[in-house]
Amino acid sequence: MEPEIINYILQNKEKHYRLAYSYVKNKEDALDIVQDSIVKALKYQHNLKDIAYLNTWFYRIIINTAKTHLQKQKRYFTTDESLLEDYTPPIYDEYRHFELEEALSQLSYKEKTIILLRYFNQFELKEVADITDQNLSTVKSTLYRSLKKLKLLLEKD
């Protein structure tokens, strides 16, 4: 099974990086998360019973690794991004949707994860439910509630 996992990782490395980056907003941290996720996947490959679930299994590893990373850094719970903006010069190295990023950062971890998987990684709702280990109806209700919140946040700006 290891060759299949390695091939999958190599074929989807950009998607994995983008998902990790969407949580930490830092190149080095995102690369660390992807690297840690690869190590975990190879170490625990025996837990993957069916290769058909490789995609959702690996995405769950990335999401959990990102969450653990954020908790260790205490950024997820305590850092106020607006305070950091006052002390760091802006970087305009690429076009980004700052309003959308700001609105997403105001959602809960669970809400943000569902939106990122559904709309930024194009997963079907059933796949999102599998990745997040939630009931499909819970994912649907969280998604629609999150989209309403996101709309209000974006209209406020």
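Just so it is clear, the model here is predicted, and its values are computed rather than measured.

Visitor: Explanation requested: the environment of Y119 in the structure shown.
Guide: Relative to the elements of secondary structure, Y119 occurs in helix α8 (residues 109-120). Relative accessible area serves as the criterion here: at 40%, Y119 is assigned to the partly exposed category. Those residues in contact with Y119, other than ones at most four positions away along the chain, are L143 and L147.

Visitor: Mind showing me how you'd approach the packing of aromatic side chains here?
Guide: By convention here, two paired aromatic rings are described through the distance between centres and the angle between planes. Evaluation of the coordinates by the stated rule reveals four aromatic pairs. A ring pair is formed by Y17 and Y21, whose centres lie 5.9 Å apart and whose planes are at 35°; its orientation type is tilted. One end of the pair is Y17 and the other is Y21, both in helix α2 (residues 13-24) and four residues apart, which spans about a single turn. For the ring pair Y59 and F123, a centre distance of 4.6 Å and an interplane angle of 80° mean the geometry is edge-to-face. Taken together, the residues Y59 in helix α4 (residues 54-73) and F123 in the loop between α8 and α9 (125-132) connect sequence positions 64 residues apart. Over the ring of Y119 we find R118; its NZ or CZ atom is 5.5 Å from the centre of that ring.

Visitor: What's the story with the nonpolar core in this structure? I'm lost.
Guide: Among soluble globular proteins, nonpolar side chains are generally buried collectively. Core analysis: the biggest nonpolar cluster contains 38 residues, and L19, Y23, W57, F58, Y59, I63 and L117 have the highest contact counts within it. Elements with a minimum of two residues in this core: α1 (2-11), α2, α3 (27-43), α4, α7 (98-105), α8, α9 and α10 (136-156). Element by element, the count of residues in this core is highest for α4, at nine residues. Once residues lying within four places of it in the same chain are set aside, the contact partners of I63 are L19, Y23, Y109, T113, L117 and I131.

Visitor: Help me understand the pattern of salt bridges in this model?
Guide: A pair can form between side chains of opposite charge whenever their charged atoms are brought close. For the structure shown, the criterion picks out two salt bridges. Residue K149 pairs with E111 through a salt bridge whose shortest N-O separation is 2.8 Å. Residue K149 is located in helix α10, and its partner E111 is located in helix α8; the two are separated by 38 residues in the primary sequence. The partner of D130 in a salt bridge is K126, with the nearest N and O atoms 3.0 Å apart. You can see D130 and its partner K126 sitting in helix α9, four residues apart, about one turn around the helix.

Visitor: What's the story with α1 in this structure? I'm lost.
Guide: Given 3.6 residues per turn, any residue in an α-helix points the same way as the ones three and four places further on. Buried within α1 are the following residues: I5, Y8 and I9. Down the axis of α1, the sector holding all buried residues measures 100°, keeping them to one side. Opposite its buried face, α1 presents the exposed residues P3, L10 and Q11, each directed more than 90 degrees away. Among the structural elements, α2, α3 and α4 are those in contact with the buried residues of α1.

Visitor: Explain unusual backbone geometry here, please?
Guide: Note: most residues except glycine have negative phi, and most peptide bonds are trans. One non-glycine residue, Q122, lies in the positive phi region at around 55°. Topologically, Q122 is positioned in the loop between α8 and α9. A positive phi angle is found at D133, which is not glycine, with a value near 60°. The topology assignment puts D133 in the loop between α9 and α10.

Conventions used here
Residues numbered from 1 in each chain as written. Predicted model: local features only at pLDDT ≥ 70, side-chain atom pairs only at ≥ 80, totals over all residues. Heavy atoms only, no water. Helix = DSSP H or I, 4+ residues; strand = E, 2+ residues; numbered from the N terminus. Buried < 20%, exposed > 50% of the residue type's maximum accessible area, 1.4 Å probe, protein only. Contact = heavy atoms within 4.5 Å. Phe/Tyr/Trp six-rings, centres within 6.5 Å; stacked < 30°, edge-to-face > 60°. Lys NZ or Arg CZ within 6 Å of the ring centre and 35° of its normal. Core = buried A, V, L, I, M, F, W, Y, C linked by side-chain atoms within 4.5 Å. Salt bridge = Lys/Arg side-chain N within 4 Å of Asp/Glu carboxyl O. Arc of directions from axis to C-beta.

So yeah, pure geometry; function would need other evidence.
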